[in-house]
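Observations on chain architecture
Chain residues, written in single-letter form:
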Amino acid sequence: MRTLEEVQATLQIAKLQEEDLQKTIHCLSFSENVSSGDYCLMELDDTLCKHIEAGQSLVIRGDKDEHAVLCSGDKTYELKIADTSNMLLFLPGCQTPDQFTGSQEDTHLVHAQVWGFCNSYWEVRKRRPKLKKLMRVLMENPYQGPAIGGQEEPVGNKYTLQDLLETIQASEAEILQHLETIHACQVDGFWRLLDFYYEMKLLGHVTQLVDSESWSLDRVPLQSSLEELSPLEPKEMIEHCLNCYGRRFTDNGEVFYALDEDKVCRATALMLLKNAVKFNLREFQEVWQQSVPEGMSTRLEQLKSAALVDRSCSPETICLLRVEDLPEDTLERFNYLFTLREKWTEDDITPYIQDLCGEKQTTGALLTKYARSSTQNGIKVFNSRRPVAT
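Reading the values: rules and limits
Residues numbered from 1 in each chain as written. Predicted model: local features only at pLDDT ≥ 70, side-chain atom pairs only at ≥ 80, totals over all residues. Heavy atoms only, no water. Core = buried A, V, L, I, M, F, W, Y, C linked by side-chain atoms within 4.5 Å. Buried < 20%, exposed > 50% of the residue type's maximum accessible area, 1.4 Å probe, protein only. Helix = DSSP H or I, 4+ residues; strand = E, 2+ residues; numbered from the N terminus. Contact = heavy atoms within 4.5 Å. Salt bridge = Lys/Arg side-chain N within 4 Å of Asp/Glu carboxyl O. Axes fitted to C-alpha atoms, helices over the stretch in contact; angles between N-to-C directions. Parallel < 35°, antiparallel > 145°, perpendicular 65-115°, else oblique. Nonpolar A, V, L, I, M, F, W, Y, C, P; charged D, E, K, R; others polar. Patch = residues over 30% accessible without salt bridge, like charges linked within 9 Å, V, L, I, M, F, W, Y side chains within 5 Å. Areas by Shrake-Rupley, 256 points an atom, 1.4 Å probe, with all protein chains shown as cover. Left-handed = near helix turned anticlockwise from the far one by under 90°. Pairing = 2+ DSSP bridges. Lys, Arg positive; Asp, Glu negative; His and termini not counted. Polar contact = N/O pair within 3.5 Å; in protein donor to acceptor, adjacent residues only side chain to side chain.

Remarks on the nonpolar core
Met237, Leu242, Tyr245, Phe284 and Ile318 are the most contacted members of the largest nonpolar core, which totals 43 residues. Secondary structure elements with two or more residues in this core: β7 (185–187), α6 (196–213), α7 (222–229), α8 (235–245), β11 (254–259), α9 (261–273), α10 (281–291) and β13 (307–310). Element by element, the count of residues in this core is highest for α6, at 8 residues. Once residues within four sequence positions are removed from consideration, isoleucine 318 is found in contact with Leu273, Lys278, Phe279, Leu281, Phe284, Leu300, Leu303, Ala307, Leu308 and Val309. Among the nonpolar cores identified, the runner-up in size contains 19 residues, and Leu326, Leu337, Leu356 and Leu366 belong to it.

Considerations on the pattern of salt bridges
The tally for this structure, following the rule as stated, stands at 15 salt bridges. Here lysine 133 ties to glutamate 66 by a salt bridge, and the two come within 3.3 Å at their closest N and O atoms. Taken together, the residues span a long stretch of sequence, with lysine 133 in helix α3 (residues 132–138) and glutamate 66 in the loop between β3 (59–61) and β4 (69–71) at a distance of 67 residues. Classification of lysine 133 by relative accessible area gives buried; the value is 13%. The closest approach of N and O atoms between arginine 248 and glutamate 239, which form a salt bridge, is 3.0 Å. Note on arginine 248: relative accessible area 42%, which makes it partly exposed. Connected through shared salt-bridge partners, Asp63, Glu66 and Lys133 make up one network.

Regarding the packing of α6 against α7
Two elements in contact, α6 and α7, have axes separated by 11 Å at closest approach and are oriented at 105 degrees. Between α6 and α7, the angle falls in the class roughly perpendicular. Mapping the contact onto sequence places His205, Val206, Leu209 and Glu213 in α6 and Ser225, Glu228 and Leu229 in α7. In terms of residue class, the contact of α6 with α7 is built from 3 nonpolar, 2 polar and 2 charged.

As for unusual backbone geometry
A cis amide bond links serine 314 to the next residue, proline 315, at an omega of 0 degrees. Phi is positive for lysine 15, which is not a glycine, with a value near 60 degrees. Tracing the chain through its elements places lysine 15 in the loop between α1 (4–13) and β1 (24–35). Phi at aspartate 188 takes a positive value of approximately 55 degrees, unusual for a residue other than glycine. In this fold, aspartate 188 is placed in the loop between β7 and β8 (190–192). Its relative accessible area of 73% is what places aspartate 188 among the exposed residues.

Re a nonpolar patch on the surface
Side chains of Leu28, Phe30, Met87 and Leu89 sit close together on the surface and give an oily, nonpolar patch of about 380 Å² of accessible area. Those elements that provide at least two residues to the nonpolar patch are β1 and β5 (76–90). By the secondary structure assignment, phenylalanine 30 is in strand β1. Since its relative accessible area comes to 51%, phenylalanine 30 is described here as exposed.

Observations regarding the environment of glycine 189
Following the sequence through the fold, glycine 189 ends up in the loop between β7 and β8. Put simply, glycine 189 and leucine 161 are 28 residues apart on the chain and 8.7 Å apart in space, counted from C-alpha to C-alpha.

Some details on the packing of α9 against α10
Interaxial distance between α9 and α10 falls to 10 Å at its minimum, and their mutual angle equals 125 degrees. Classified by the angle their axes make, α9 and α10 are oblique. α9 and α10 meet at a crossing whose hand is right-handed. Contacts between α9 and α10 involve Cys265, Thr268, Ala269, Leu272 and Leu273 on the former and, on the latter, Phe284, Val287, Trp288 and Ser291.

With respect to the sheet that holds strand β12 (residues 279–280)
The 3 strands lie next to each other as β12-β14-β13, forming an open sheet whose pairing is antiparallel. Strands with a single pairing partner mark the edges of an open sheet, and in this sheet they are β12 and β13. Note: β12 against strand β14 (residues 317–320), 2 bridges, orientation antiparallel. By the bridge assignment, phenylalanine 279 is partnered in β14 with isoleucine 318.

Structural notes on the side chain of arginine 61
In this fold, arginine 61 is placed in strand β3. For arginine 61, which is buried and forms no salt bridge, the nearest opposite charge comes from glutamate 172, at a distance of 6.1 Å. Separated by 2.8 Å, the side chain of arginine 61 and the backbone oxygen of alanine 170 make a polar contact. Once residues within four sequence positions are removed from consideration, arginine 61 is found in contact with Ala68, Val69, Cys71, Leu165, Ile168, Gln169, Ala170, Ser171 and Glu172.

As structure tokens, then:
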């Protein structure tokens, strides 16, 4: 180990003035088993630093064929290796200048051992959670209702929340939020996605009951609904349906639901469009309005990100196109959209790229990067920047 005299001699050779330096001088030496592969460094922003300092944990998620992501309790971050030309040393107990008390008058040495080193570190950047896989794994075994007449439920994979946390590249809060968005529910401790036709069957029971009892769409009593429909379906499923398609409120201690017009109309339209390649728009609008509960009004705005209207043909048509069925990768999404339609208006394409926007990013910025704009019949349209295979 170096002595203070040897350090002072080195400073003299380097033509450095001792009074210009800190009074505490670290002398470094390598431990016997030092290795560059023992440790990894990760650069964290203030939010993540406070998260760690508060005793919370960070989790790295991803299968072998996936690019790993870092997750806190409510956010997802992209991980990227950054190389540096400077060697980074791990020095346990090493003090930085801002930690010195300033009371030290004489120069003194502190001997520190290097425990590890590396030439790269992990950068983290907030990103959209990868939730498409959540829908895919739950669709492996959709819930079709309770078994009838002693029949056993079809065998298939089932997932608890812990299973999903180990499978999906997203934070727990983001997973739970998306489970609510896709109308998943817990059945016997497992998260299940309702079979589409079973969900529509539940909604049909509710709307028919409202009609037969002449209840207001804005005031559907929970208890009466459960009592009337329990011979047909489990009470838990009826209440789940009301939670999905209504807003819960309490009046004089009794629980009511106000059915959401947009959600009910949208679900009805999806059922009508599901088995049709294309639908005459005018005829569809007539059938759609006749199919929703009396007192509700259908509007094409209710189908944003779920159906695509083609006004360039005669007669005008509408077809099913759900944003959740599109590729999750941004470039793949744009390529797919431009194979469906060569030119898009901003109003038509926005619902299908809105979910791709990162933090502080707009759909306009995405269109500038991945599309080329032009004017057609006085209307601004967008087409692909590169040739697209059809």
